[in-house]
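Listed here are the chains, written in short residue letters.
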Amino acid sequence: MRAAVQGRAHAWTTTTTTPPGAMRGRALVLVAALLLQLLLLAAAGGAGAAATERKAHNYEDALRKSLLYFEAQRSGRLPHNQRVAWRDHSGLTDGLEQGVDLVGGYYDAGDHVKFGLPMAFTVTMLSWSMIEYGDDVEAAGELGHALEAIKWGTDYFIKAHTKPNELWAEVGDGDTDHYCWQRPEDMTTSRQAYKVDRERPGSDVAGETAAAMAAASIVFRKSNPHYASLLLHHAQQLFEFADKYRGKYDSSIAEVKSYYASVSGYKDELLWAALWLHRATGKAHYLDYVVDNADCFGGTGWAITEFSWDVKYAGVQILAARLLLRGEHEERHRSTLEQYRAKAEHYVCGCLGRNADGGADANVERSPGGMLYVRQWNNMQYVTNAAFLLAAYADYLGDDADGAVSCAGGETAGAGEVAALARAQVDYVLGTNPRGISYLVGYGAKYPNRVHHRAASIVPYKHSKEFIGCTQGFDHWFGRRSSNPNVLVGAIVGGPDRRDRFRDNRENYMQTEACTYNTAPMVGMFAKLNRMARQEREQEEVAAPARSTAADV
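Residues numbered from 1 in each chain as written. Predicted model: local features only at pLDDT ≥ 70, side-chain atom pairs only at ≥ 80, totals over all residues. Heavy atoms only, no water.

For the record, the criterion: UniProt positions are given in the numbering used here, feature names are shortened, and annotations may be inferred rather than shown by experiment.
Taking an unreviewed UniProt entry as the reference, the protein is identified by name as Endoglucanase belonging to Oryza sativa subsp. japonica. Looking at the protein in UniProt, the text filed under Catalytic activity (unreviewed entry) is "Endohydrolysis of (1->4)-beta-D-glucosidic linkages in cellulose, lichenin and cereal beta-D-glucans." For the protein, the Sequence similarities (unreviewed entry) comment in UniProt is given as "Belongs to the glycosyl hydrolase 9 (cellulase E) family."

Set out below in structure tokens:
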């Protein structure tokens, strides 16, 4: 039995198309605005989604549950305030054979390997969520849990960055791990650790870890300035290491190739890290790096229709476009930043289905129910990351006088339409879809019960400390038709296929395995939408008397 990680290595699809760059009266205006927003949401969902009944979602509940998921994925010695009680300590000897402390960090999915590249991307997206929507997270009372989720990852990265030019990038062996079905507390599989260094470079994993630590330093700047400075120090060292000793980490660590191969290479991570370091430090030389390498690294060349733990170009382009829209650049940067913005808008328009030029690959496929569809394996990662990028870009457009996106072939789209599509994707995840299933586990009345996840599918260690071996786990637990004994609250599973079909079966790992990087961008989205929903309710309360008065006339 080989579980889900192997298929996470994916084909990288791109296109190189280049797009062109009186209370009553007030209340009635609010009503009109609400009606316009509803129309935009319906349009963004497509014909299939329009047929699916729109319902109000409890985004605050979704936010709370999304943060619980990261506690379920913890490796190492669990703290006293651990809320996911069916987990216990695990991986306490990680790094021992190599003479380094690698205890901690996150398991990426339903297995027990600690893969550095997706773990770092998870922390980057959690941090970006907080940078954009941290006030909304705090307003919902979840600031502490969000900071803990980020710090659990960054504490591990500090340990893993043992020398300026050395980063431990993986703990555990994917092959042996996937022949076992055990709780992490019972692990008997290899905990071999693998590193990148000067002789065996890994610019992608070092670059992404630099990005994660730089972004996290921004998050902790107010609450823990000493820790923020420490993170920034590591981020700068890692970026220098990644840039000076260039190479793909899957060429240095062969064991990762079947699981998290760096298909896009490392140049996107170098640009990504430089942009996050520029945002964290304000130092011009990082932006110079992004501008000077824009063409040779593909930043202004690749027109992308996906964003993931591997392919960062769309995120790079949107961050660069933000600098242009906010005026946070020098005049000598403008021309190149405009090229970045054109590619950012290709991604946005591709999600909207508005790129009239560029062929079949210029736009993202949409399921009948309105879900963005990129590929069969764990498609939800592309949905949740797209939702975040679209929402962030719509917010950035608020600073632009035009407030519109220019699409290949001459079409345009307003910021409101971009934001509406982002919300429609989140609502699809939460159950506004043809099957009425919430793909956020534990949310709503109907959600996946047989998630492909070792720890969730076996009786909790705290309830039964009897050792469960490799094959015993398969024989006694994996094949059970019943629901998992533990609910993996907050996990976002791989999700349905291009026809909105979903089969809730532990063996169906393409659809039922969840990953940390599926949920990470949703922390920000749920917080933002919770604030918007609250504002809408307040506007509705103001508008209701006006409608009643109008009806009486």
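## A closer look at the sheet that holds strand β3 (residues 167–171)
The line we're drawing: Any two strands between which DSSP finds at least two bridges are classified as paired. Numbering of helices and strands runs from the N terminus; a helix is a DSSP stretch of H or I covering at least four residues, while a strand is a stretch of E covering at least two.
Strands sit in the order β2-β3-β4 across an open sheet of three strands; the sheet is antiparallel. A strand with exactly one partner marks an edge of an open sheet, and here the two such strands are β2 (114–115) and β4 (193–196). Pairing analysis gives four bridges linking β3 to β4, with the strands arranged antiparallel. Residue pairing across strands places Val171 opposite Ala193, the latter belonging to β4.

## A word on the state of the cysteines
As used here, a disulfide is simply a covalent bond connecting the sulfur atoms of two cysteines. Rules: Cysteine sulfur atoms are paired as a disulfide whenever they come within 2.5 Å of each other. Only protein chains enter the accessibility calculation, which uses a 1.4 Å probe; a residue whose area is less than 20% of its type maximum is buried, one above 50% is exposed, and one in between is partly exposed.
Across all of its chains, the model carries two disulfides by this definition. In this model Cys180 forms its disulfide with Cys470; the gap between the sulfur atoms is 1.5 Å. Across the S-S bond linking Cys180 and Cys470, the dihedral sits near 45°, which makes this disulfide right-handed. With Cys180 in the loop between α5 (174–177) and β4 and Cys470 in helix α16 (residues 470–478), this residue pair connects regions lying 290 residues apart in the sequence. Between the sulfur atoms of Cys349 and its disulfide partner Cys407 the distance amounts to 2.0 Å. Between Cys349 and Cys407, the S-S torsion sits near -75°, and that sign places the bridge as left-handed. Of the two residues, Cys349 is situated in helix α12 (residues 334–352) and Cys407 in the loop between β8 (404–406) and β9 (412–414); the sequence distance between them amounts to 58 residues. Of the two residues examined, Cys349 and Cys407, each falls in the buried class. Each bonded cysteine of the protein gets a number by its place in the sequence, and the pairs then read 1-4, 2-3.

## Observations concerning the packing of α12 against helix α14 (residues 415–430)
Heads up, the condition is: Here an axis means a line fitted to C-alpha atoms, over the contact stretch when the element is a helix, while the angle between two N-to-C directions is reported on a 0 to 180 degree scale. An angle counts as roughly parallel when it lies under 35 degrees, as roughly antiparallel when it exceeds 145, as roughly perpendicular when it falls between 65 and 115, and as oblique in every other case. Handedness of each helix crossing follows the sense of rotation of the near helix against the far helix: counterclockwise by less than a right angle gives left-handed, clockwise gives right-handed. For this analysis, residues touch if any pair of their heavy atoms sits within 4.5 Å. Any residue outside Ala, Val, Leu, Ile, Met, Phe, Trp, Tyr, Cys, Pro, Asp, Glu, Lys and Arg is labelled polar, Gly included; the first ten of those are nonpolar and the last four are charged.
Where α12 meets α14, the closest approach of the two axes is 10 Å, and the angle between their N-to-C directions is 60°. Between α12 and α14, the angle is such that the two are oblique. Here α12 and α14 pass one another in a crossing that is left-handed. Where α12 approaches α14, its residues Val348, Cys351 and Leu352 are matched on the opposing element by Glu417, Val418 and Leu421. Residues that form the contact of α12 with α14 fall into these classes: five nonpolar, no polar and one charged.

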